[in-house]
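Geometric and topological summary
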Amino acid sequence: MNGTSAILIASARNFIRRGNVAVHRALMISAVVTSSLFFASYVYYHAHVGSVHFQGQGLSRPLYFTILTTHTILAASIPPLVIITLTLGLRRRDQRHRRIARWTYPIWMYVSITGVVIYLMLYHIFRQ
């Protein structure tokens, strides 16, 4: 779902650059829904499974934990940023929306993409 969110966010950015507000709005709302569903499933999963420990050794450990730490810190900032950005956009407060979206977009993209990287590292690449 994080990967889907990243695709929706990037696509929405391309549509707004072309001036297509309606498609941009629909894609961004879809990204918010997708991200929210991911977060709900993440919380549910970890409430039932608990913590999964990283199995990688050597250089992969500091790399993984660096990505995880930056991901976690920035992920905590995303909900308020997205809510503010979305609210301003839906109310057509375009100047303020653009100003905050310049921060929201790269942080949200980073969190979405690193979420996929963390998942791959934890469950596929370094699983024992």
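So, how was this worked out
- Residues numbered from 1 in each chain as written.
- Predicted model: local features only at pLDDT ≥ 70, side-chain atom pairs only at ≥ 80, totals over all residues.
- Heavy atoms only, no water.
- Helix = DSSP H or I, 4+ residues; strand = E, 2+ residues; numbered from the N terminus.
- Buried < 20%, exposed > 50% of the residue type's maximum accessible area, 1.4 Å probe, protein only.
- Expected span 1.5 Å × (residues − 1).
- Bend = angle between axes of the 7 residues up to and from the residue.
- Contact = heavy atoms within 4.5 Å.
- 1 Å grid on protein atoms, 1.4 Å probe; cavity = no way out; pocket = protein on both sides within 12 Å on 5 of 7 lines; lining within 4 Å.
- Points joined across faces, edges and corners; volume = space filled by probe spheres on them.
- Nonpolar A, V, L, I, M, F, W, Y, C, P; charged D, E, K, R; others polar.
- Phe/Tyr/Trp six-rings, centres within 6.5 Å; stacked < 30°, edge-to-face > 60°.
- Lys NZ or Arg CZ within 6 Å of the ring centre and 35° of its normal.

Our next topic: the overall build of the protein chain. When helices and strands are tallied, the protein chain shows 4 helices and 0 strands. Sequence-ordered secondary structure for the protein chain, helices as α and strands as β, is α-α-α-α. Dimensions along the principal axes, computed over C-alpha positions, put the protein chain at roughly 50 × 30 × 20 Å. In the protein chain, which comprises 128 residues, the share counted as buried stands at 30%.

An ideal rise of 1.5 Å per residue puts 45 Å on 31 residues; helix H3 (residues 60–90) measures up with 42 Å between its terminal C-alpha atoms. At Ile78, H3 shows its maximal bend, which comes to roughly 35°, and the proline Pro79 appears one to four places after that position. For H3, the set of buried residues is Ser60, Tyr64, Ile67, His71, Ile78, Leu81, Val82, Thr85, Leu88 and Gly89. Tucked inside the fold, the buried residues of H3 contact helix H2 (21–49) and helix H4 (94–125). At the C-terminal side of H3, Arg92 shows a positive phi close to 60°.

Moving on, we come to the layout of surface pockets. Considering only enclosed or pocket space, the largest pocket measures out at about 1,100 Å³ in volume. In terms of lining residues, the largest pocket is bounded by 36 residues, among which Asn2, Phe38, Phe39, Tyr42 and His71 are the most central. Those elements that provide at least two residues to the lining of the largest pocket are helix H1 (2–17), H2, H3 and H4. Among the elements that line the lining of the largest pocket, the one with the most residues is H3, at 11 residues. Among the residues forming the lining of the largest pocket, the class breakdown is 24 nonpolar, 12 polar and no charged. The computed volume of the second largest pocket comes to approximately 620 Å³. If you go around the second largest pocket, you meet 23 residues; those closest to its centre are Ile16, His24, His97, Arg98 and Ala101. For the lining of the second largest pocket, the secondary-structure elements that each account for two or more residues are H1, H2, H3 and H4. A total of 8 residues in the lining of the second largest pocket trace back to one element, the largest contributor, which is H4.

With that out of the way, let us pick up the packing of aromatic side chains. Counted under the stated rule, the structure contains 7 aromatic pairs. The interplanar angle of 5° and the centroid separation of 4.0 Å between the aromatic rings of Phe54 and Tyr64 together place this pair among those described as stacked. With Phe54 in the loop between H2 and H3 and Tyr64 in helix H3, this residue pair connects regions lying 10 residues apart in the sequence. Grouping residues by exposure puts Phe54 and Tyr64 together as buried. Between Phe54 and Phe65, the aromatic rings sit 6.1 Å apart at their centres with planes inclined by 80°, giving edge-to-face as the arrangement. One end of the pair, Phe54, is in the loop between H2 and H3; the other, Phe65, is in helix H3, and 11 residues separate them in sequence. An aromatic cluster is defined as three or more aromatic residues linked by ring pairs; in this entry it consists of Phe54, Tyr64, Phe65 and Phe126. Between Arg18 and the ring centre of Phe15, over which it is positioned, the NZ or CZ distance is 5.3 Å.

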